[in-house]
Each structure stands twice: as C-alpha cells, then as structure tokens.
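These are the residues of each chain, in order.
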Amino acid sequence: MGNQLEIAETEKAWLAGVIEGDGSIGMGFYQQQHRQMKKNGQRSFACKPTIMFSNQDIKLIERVAHLLELITGKVPRMRDEISNYPGGRSTMSLTLVGIKAVEVTLRTLIPYLVGDKLSKARLIHRFAESRIARGVSKGFSGYTPYNDEELSIVRYLYEHTSSRKGGRRNPVIGEILRDYTQDLSAN
C-alpha cells in the first residue's frame, strides 16, 4: 500500500492534526438488501470504515489527498459541497473508504493523534485488522460474518459515536445489531 517511505514524520503528524481538527474517523453502517439476508432469514448489515476531511481551503484538501494517496496508493473521493448561504464559499470534502486503505492510514496516524478521535481510531483500526486477518479484503466472494470482537466494536461505535454532532442513527441498523449481539452480553 502506498509509499510511506516518501512521507516525513512531520507530514504524518500534520495529517493527523488536520484530520483531528477538520476531519472525521468513523464507521458507516448499511443495511444489506433482501437478497443478501442470511439463510436463517436474519437481516444483515455491512460496515465501512471511513476517513473524511472537509475544508474550504483547496490547497489543504489537495495536500491531504496527496498524503492519503501516498500512504494508501488509493485516491480519495473528492466532492464539492455548495454553501446553503447566498455568497457563501463552497466546501470541498474528501472521503477515504475501504478496509485496507483505512487500516494503513490509521496505523500511520495513530501515533500522532491525541484527542477524542484517538480512541475511535484505535477501535476502527482493530476492527479493520481483524477483518483483513480473516481474508475479507482479499477479494473472497460471499459474506464473511462478523466475529464477536468485531460485533462488540461495531455495537460500541454505533451506540456511542453515531449520534454525536447532530448525526442520526438508523434505527433499523440498531435493531439488526441487537439481533446479532444479544448473545454477546452473556460473554
């Protein structure tokens, strides 16, 4: 993944700082379609670790995108978000998704994170490492069920971080998670 040899420690620290300030490290939760239900009829869901960064300064956006590409070998998606205010400046946002890309990015940035995002980054990194170790990112076809550790992380992230800063939790995902994790409470 990427060419981390080209990235100075100061650039890694800078990237961690701007993501800590104007970015987010999170987990997207998605309900799977009917055709992807488990054989027992249980509804299923998917999780997508994600790193996002938004800013009005295009030079910052370009630098963050460049460093993320160096780290991961993957170009983050970029999107221009038009201001809702007359005469307001638009905001550019970039999004990095994918288990491998997020895992290597978090591995690179965790030593430099210091705020609230550090604990979330550690959890998502542990989740991504587990999925990678189990072959999820190697292009295997089919659905690889989440193990107990992964489900515990997903449940924690859903319950404790999804509703911050005005975000909304999908109640259907909450129901599905309760179905999947009801046996974890006994452990």
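Structure first, text after, so check above.
Looking now at the environment of Lys117. Relative to the elements of secondary structure, Lys117 occurs in helix α4 (residues 117–133). Through-space distance from the C-alpha of Lys117 to that of Gly23 is 9.5 Å; in sequence the pair is 94 residues apart. With residues near it in sequence (within four places) discarded, Lys117 still touches Ile19, Glu20, Gly21, Gly23, Ser24 and Ile25.

Glancing now at the packing of helix α1 (residues 9–22) against helix α2 (residues 58–72). The interhelical angle for the contact between α1 and α2, taken along N-to-C directions, is 120°, at an axis separation of 11 Å. Judged by the inter-axis angle, α1 sits oblique to α2. As α1 runs across α2, the sense of the crossing is left-handed. Contact with α1, carried on its side by Glu11, Trp14, Leu15 and Val18, involves Leu60, Arg63, Val64, Leu67, Leu68 and Ile71 of α2 and no other residues of that element. Of the residues assigned to the contact of α1 with α2, the class counts are eight nonpolar, no polar and two charged.

Further remarks concern the environment of His160. By the element assignment, His160 lies in helix α5 (residues 148–161). Residue class for His160 comes out partly exposed when judged on its relative accessible area of 41%. Put simply, His160 and Lys120 are 40 residues apart on the chain and 10.0 Å apart in space, counted from C-alpha to C-alpha.

In terms of nonpolar packing, the biggest core is built from 48 residues, with Leu15, Ile25, Phe29, Phe45, Cys47, Leu106 and Phe127 touching the most fellow members. Leaving out residues up to four positions away in the same chain, Phe127 has contacts with Met27, Cys47, Pro49, Ile99, Tyr146, Glu150, Ile153 and Val154.

The next subject is the packing of aromatic side chains. Scanning all chains against the criterion turns up two aromatic pairs. Between the aromatic rings of Phe29 and Tyr158, the centroid separation amounts to 5.5 Å while the plane-to-plane angle is 85°, which identifies the pairing as edge-to-face. With Phe29 in strand β1 (residues 23–31) and Tyr158 in helix α5, this residue pair connects regions lying 129 residues apart in the sequence. There is no split in this pair, since Phe29 and Tyr158 are both buried.

Now for the sheet that holds strand β3 (residues 77–81). Taken in spatial order, the four strands of this open sheet run β1-β2-β4-β3, and their pairing is antiparallel. The open sheet has two edge strands with one neighbour each: β1 and β3. Taking each pair of neighbouring strands and ignoring which way they run, the sheet shows an average axis angle of 30°. Here strand β2 (residues 45–55) pairs with strand β4 (residues 91–97) via six bridges, running antiparallel. Within β4, the position partnered with Ser54 by the bridge is Ser93. Contacts between α2 and the sheet are confined to β2, β3 and β4, with β4 contributing the most and set at about 10° to the helix.

Per the stated rule, a full pass over the model turns up seven salt bridges. The shortest N-O distance in the salt bridge between Glu150 and Arg134 comes to 2.7 Å. With a gap of 16 residues between them, Glu150 in helix α5 and Arg134 in the loop between α4 and α5 connect regions that are remote in the sequence. On the basis of relative accessible area, Glu150 is assigned to the buried category, the value being 0%. Exposure remark for Arg134: the relative accessible area of 31% places this residue in the partly exposed category.

About the cut-offs
- Residues numbered from 1 in each chain as written.
- Predicted model: local features only at pLDDT ≥ 70, side-chain atom pairs only at ≥ 80, totals over all residues.
- Heavy atoms only, no water.
- Helix = DSSP H or I, 4+ residues; strand = E, 2+ residues; numbered from the N terminus.
- Contact = heavy atoms within 4.5 Å.
- Axes fitted to C-alpha atoms, helices over the stretch in contact; angles between N-to-C directions.
- Parallel < 35°, antiparallel > 145°, perpendicular 65-115°, else oblique.
- Left-handed = near helix turned anticlockwise from the far one by under 90°.
- Nonpolar A, V, L, I, M, F, W, Y, C, P; charged D, E, K, R; others polar.
- Buried < 20%, exposed > 50% of the residue type's maximum accessible area, 1.4 Å probe, protein only.
- Core = buried A, V, L, I, M, F, W, Y, C linked by side-chain atoms within 4.5 Å.
- Phe/Tyr/Trp six-rings, centres within 6.5 Å; stacked < 30°, edge-to-face > 60°.
- Pairing = 2+ DSSP bridges.
- Salt bridge = Lys/Arg side-chain N within 4 Å of Asp/Glu carboxyl O.

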